[in-house]
Amino acid sequence: MSDSAHGHDTQAEIRTYLAIFAALTFLTILTVGVAYMNLPHGPGIVVALLIAMAKIFLIAAFFMHLRHEGRLIKVSLGVCLGLVMILIVFVLPDLGVHELEVLEREHKASHNPYLPLQHEAGHDESADVGGH
Amino acid sequence: MTVLPVAAPTRTGISHAKLGTWVFLGSEIMLFGGLISSYVILRSGSNLFWVPPRSMMGVPLAMLNTFILISSSVTMVLALAAIQDGAMARFKGFMMCTIGGGFGFLFVKAYEYNHKWHEGITLSSNLFGSFYYTLTGLHVLHVIGGIVLLATILSQGARGMYAKNHERVECAGLYWHFVDLVWVLLFPILYLI
């Protein structure tokens, strides 16, 4: 695949690697820059993860030579990634995020993020999680 | 020193070593994927999941670490290109740079851990602390293992073992790029989001 016996152009490959290095450096700076722009929570997460995915693609495709690999490897990786996504995508809809406004106010008022939350007496927490 | 012979052709067209390495990396994806997905679920599941402010997390140092690992990935792939060309001096130089990058990452991480521990972010302080040290600690273990692997490859390569067959260098490179890849994902989700 990339054996010199097959006559690959080393100089062109090195130029490609250095170009990818420059792109990764730029994307790293961009990731931090976007984070400090303090975008709204949802869009901020999406942008950060999209930039991370772009970096992962560049490393996998060019440094790991995945773009030249056979289908067996790509299919195996696709299965792995699909299984990992199940862990996230199939669980997220089941989360019931309850605002718990009273507890949040008390937590913020304590000015100490390390204090464990003190639940109010009689507060039924079981009704808050996942809507159950 | 044994010189590895050229690998025999396979029925799939993919070398056994490379296929085995990719399957191993698949298992590593499941390992880190399980932990990262747990973090995502628990973090998303409650508005009360405490996350330290960026000023406490030390984003500039983490960014430096990201740059160190990316650079070491570049030197690793340049080392592979060097040995494929038979340029032994370049191979040794780039491999040493790659290993040096690994040590640099560990040094910065040690400083970060010490700093955060004194700031109150410990393994048992809160859920974020547990996840932070588990995720990055597991990654650190992989970096240490990678350094040992690369040092072995450097030692064997310098003595001519890979003169005909560079597969082991390529497979070691795949592992090192994966270690870099995991950090590229951990950096934003732990430090920035």
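Residues numbered from 1 in each chain as written. Chains lettered and ligands numbered in written order. Predicted model: local features only at pLDDT ≥ 70, side-chain atom pairs only at ≥ 80, totals over all residues.

(A) Structural context of the overall build of chain B. Check the secondary structure of chain B and you find 6 helices and 0 strands. With the C-alpha coordinates aligned to their principal axes, the bounding extent of chain B is approximately 60 × 35 × 20 Å. The buried share of chain B, taken over its 193 residues, is 38%. Pairs at least 24 residues apart make up 79% of the contacts formed inside chain B by residues separated by at least 6 positions. (Helix = DSSP H or I, 4+ residues; strand = E, 2+ residues; numbered from the N terminus. Buried ≥ 20, exposed ≤ 12 C-beta atoms within 10 Å, placed from the backbone. Contact = placed C-beta atoms within 7 Å.)

(B) Representation of the overall build of chain A in the model. In terms of regular secondary structure, chain A is built from 4 helices and 0 strands. Its helices and strands taken in sequence order, chain A reads α-α-α-α from the N to the C terminus. When each of the 132 residues of chain A is scored for burial, the buried share is 13%.

(C) How the structure looks around the packing of helix α3 (residues 59–84) of chain B against helix α4 (residues 88–119) of chain B. Residue and element names in this part refer to chain B. Closest axis-to-axis distance for the α3/α4 pair is 8 Å, and the angle between their directions is 165°. Considered as vectors, α3 and α4 are oriented roughly antiparallel to each other. By crossing handedness, the relation of α3 to α4 is classed as left-handed. Split by residue class, the contact of α3 with α4 holds 15 nonpolar, 8 polar and 3 charged. (Axes fitted to C-alpha atoms, helices over the stretch in contact; angles between N-to-C directions. Parallel < 35°, antiparallel > 145°, perpendicular 65-115°, else oblique. Left-handed = near helix turned anticlockwise from the far one by under 90°. Nonpolar A, V, L, I, M, F, W, Y, C, P; charged D, E, K, R; others polar.)

(D) Summary view of the environment of isoleucine 193 of chain B. Structurally, the position occupied by isoleucine 193 of chain B is in the segment after α6 (167–192). On the basis of neighbour counts, which here come to 17 C-beta atoms within 10 Å, the residue isoleucine 193 of chain B falls in the partly exposed class. When the C-alpha positions of isoleucine 193 of chain B and valine 182 of chain B are compared, they lie 16 Å apart, and in sequence the two are 11 residues distant. Non-local contacts of isoleucine 193 of chain B, meaning those with residues more than four positions away in its chain, are made with Gly44, Ile45 and Ala48 of chain A together with Pro188 of chain B.

(E) Looking closely at unusual backbone geometry. All names here are of chain A. Phi is positive for asparagine 38, which is not a glycine, with a value near 55°. Mapped onto the elements, asparagine 38 comes out in the loop between α1 (10–35) and α2 (41–63). The backbone of histidine 65 sits at a positive phi, close to 60°, despite the residue not being glycine. By secondary structure assignment, the location of histidine 65 is in the loop between α2 and α3 (71–89).

(F) Up close: α3 of chain B. Residues and elements named next belong to chain B. An ideal rise of 1.5 Å per residue puts 38 Å on 26 residues; α3 measures up with 38 Å between its terminal C-alpha atoms. Most of α3 sits inside the fold, with 19 of its 26 residues counted as buried. Directly beyond the C-terminal end of α3, a positive phi value near 80° is found at glycine 86. (Expected span 1.5 Å × (residues − 1).)

(G) Local environment of α1 of chain A. For α1 of chain A, built from 26 residues, the straight-helix expectation of 38 Å at 1.5 Å per residue is met to within 8% by its first-to-last C-alpha distance of 37 Å. All of the buried residues along α1 of chain A are Tyr17, Ile20, Phe21, Leu24, Thr28, Thr31 and Val32 of chain A. Residues of α1 of chain A that are buried make contact with α2 of chain A together with α3 and α6 of chain B.

(H) Up close: the confidence of the model for chain B. Here chain B averages 94 in pLDDT, while 100% of its residues score no lower than 70. As a predicted assembly, this complex carries a pTM of 0.85 together with an ipTM value of 0.91. (pLDDT = per-residue confidence, 0-100.)

(I) Summary view of the packing of α1 of chain A against α2 of chain A. Residue and element names in this part refer to chain A. Two elements in contact, α1 and α2, have axes whose closest approach is 10 Å; the angle formed by their N-to-C orientations is 165°. In terms of their interaxial angle, α1 and α2 are classed as roughly antiparallel. Read as a crossing pair, α1 and α2 show a hand that is left-handed. Residues Thr16, Tyr17, Ile20, Ala23, Leu24, Leu27, Leu30, Thr31, Val34 and Ala35 of α1 form the contact with α2, whose own contacting residues are Val47, Ala48, Ile51, Ala54, Lys55, Leu58, Phe62 and Phe63. Taken together, the residues of the contact of α1 with α2 sort by class into 15 nonpolar, 2 polar and 1 charged.

(J) Quick look at the interface of chain B and chain A. Taken together, the contact pairs 44 residues of chain B with 47 residues of chain A. Elements supplying a minimum of two residues to the side of chain B that touches chain A: α1 (16–44), α3 and α6 of chain B. It is α1 of chain B that provides the largest number of residues to the side of chain B that touches chain A, a total of 12 residues. Counted by class, the side of chain B that touches chain A contains 25 nonpolar, 17 polar and 2 charged residues.

(K) Representation of the nonpolar core in the model. Residues Val77, Leu78, Ala79, Met95 and Leu150 of chain B are the most contacted members of the largest nonpolar core, which totals 64 residues. Of all elements in the fold, only α1 and α2 of chain A together with α1, α3, α4, α5 (127–158) and α6 of chain B reach the threshold of two or more residues within this core. For this core, the element with the most residues is α6 of chain B, which contributes 17 residues. Excluding its chain neighbours within four sequence positions, the residues that come into contact with methionine 95 of chain B are Ala79, Leu150, Ile153 and Leu154 of chain B. (Core = buried A, V, L, I, M, F, W, Y, C linked by C-beta atoms within 7 Å.)

(L) Quick peek at the environment of proline 9 of chain B. All names here are of chain B. If you trace the backbone, proline 9 turns up in the segment before α1. Judged by the 8 C-beta atoms lying within 10 Å of it, proline 9 is exposed. The sequence separation of proline 9 and leucine 69 amounts to 60 residues, and the corresponding C-alpha distance is 34 Å.

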